[in-house]
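# Reading the structure
Residue-level listing of the chains:
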Amino acid sequence: MSWFGNPPAGLDMYHVGVVVPDVRAAMAQYSAALGFTWSRIGDSRLDVLVDGRRQEARIAATYSLEGPPYLELVEELSGGVWATQALGLQHVGFWVDDLEGAVTRFDDAGLPGRVRHLPAEGQPPLFSYHDGGAGLWWELVSTAFRPRLEARLRAAEQSR
């Protein structure tokens, strides 16, 4: 079985995430070198659990309009989860219909959950990051987030 060619049922690869020191500079470089165009930069503040400790994460991120799979560029703004020492290819993202089930599957397979979204009360968690070793993490993202991302990409596409 190949994760990228034929993932198991319930996992749908949609992006590759790269941590960069400056998201705007990286956008310009990838545009010039490879012709990528980008969604608007989202400046996000998220409550997360990192190795069991609650913290706020702040990132600036954008997705290529070319895809799937999309290229996501992430700039760490809070010095926490997506740290500058993790620059480079950092994660591969999968849509999952059943986030809790996928988290259990990865944990049971020895790919421990390290970072988990802590939503507002009454809201479902949107993502979980699992340590795959060698600096590569697997991001499981609830399909509940998909309409927001697709709307962002459509808006960017229409403004070109």
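Residues numbered from 1 in each chain as written. Predicted model: local features only at pLDDT ≥ 70, side-chain atom pairs only at ≥ 80, totals over all residues. Heavy atoms only, no water.

### Structural notes on the overall build of the protein chain
Counting secondary structure elements, the protein chain contains three helices and eight strands. Sequence separation of at least 24 residues holds for 61% of the intrachain contacts in the protein chain that already meet a minimum separation of 6. Carbon and sulfur atoms make up 51% of the accessible area of the protein chain, which totals about 8300 Å². (Helix = DSSP H or I, 4+ residues; strand = E, 2+ residues; numbered from the N terminus. Contact = heavy atoms within 4.5 Å. Areas by Shrake-Rupley, 256 points an atom, 1.4 Å probe, with all protein chains shown as cover.)

### Here's the deal with unusual backbone geometry
With an omega dihedral of 0°, the bond running from Gly-67 to Pro-68 counts as a cis peptide bond. Cis rather than trans, the peptide bond between Pro-68 and Pro-69 has omega equal to -5°. On the secondary structure map, Pro-69 appears in the loop between β3 (53-63) and β4 (70-76). Phi at Asp-51 takes a positive value of approximately 50°, unusual for a residue other than glycine.

### Quick notes on helix α2 (residues 99-108)
Residues Leu-99, Ala-102, Val-103 and Phe-106 constitute the buried set of α2. Buried residues along α2 cover an arc of 105° about the axis, so they all sit on one side. Among the residues trailing α2, Gly-110 stands out with phi positive, at a value near 85°. (Buried < 20%, exposed > 50% of the residue type's maximum accessible area, 1.4 Å probe, protein only. Arc of directions from axis to C-beta.)

### Topic: the nonpolar core
Core analysis: the largest hydrophobic core is formed by 18 residues, its most contacted members being Tyr-14, Val-115, Phe-127 and Leu-149. Listing elements by their share of this core, those giving two or more residues are β2 (42-50), β3, β7 (127-131), β8 (137-142) and α3 (146-158). At three residues, α3 tops the list of elements feeding residues into this core. The residues contacting Leu-149, other than those within four sequence positions of it, are Tyr-14, Tyr-63 and Trp-95. (Core = buried A, V, L, I, M, F, W, Y, C linked by side-chain atoms within 4.5 Å.)

### Some points on the side chain of Glu-139
Here Glu-139 is to be found in strand β8. Among the polar contacts made by the side chain of Glu-139, one reaches the side chain of Tyr-129 at a distance of 3.2 Å. (Polar contact = N/O pair within 3.5 Å; in protein donor to acceptor, adjacent residues only side chain to side chain.)

### Some words on the pairing of β8
Burial of β8 is extensive: six of the six residues sit out of reach of the surface. Neither face of β8 is exposed, since Trp-137, Glu-139 and Val-141 on one face and Trp-138, Leu-140 and Ser-142 on the opposite face are all buried. Sheet topology note: the β7/β8 ladder contains five bridges and is antiparallel. Among the inter-strand pairings, Asp-131 is bridged to a residue of β8, identified as Trp-137. (Pairing = 2+ DSSP bridges.)

### Observations concerning the pattern of salt bridges
Following the criterion strictly, the structure yields eight salt bridges and no others. Salt-bridge contacts for Arg-114 lead to Asp-131; the nearest nitrogen and oxygen are separated by 2.9 Å. Placement of the pair is Arg-114 in strand β6 (residues 113-117) and Asp-131 in strand β7, with a sequence separation of 17 residues. Under the relative-accessibility criterion, Arg-114 is labelled partly exposed at 26%. Of the residues examined, Asp-131 reaches a relative accessible area of 21% and is grouped as partly exposed. What emerges from the salt-bridge pattern is a single network uniting Asp-12, Arg-146 and Glu-150. (Salt bridge = Lys/Arg side-chain N within 4 Å of Asp/Glu carboxyl O.)

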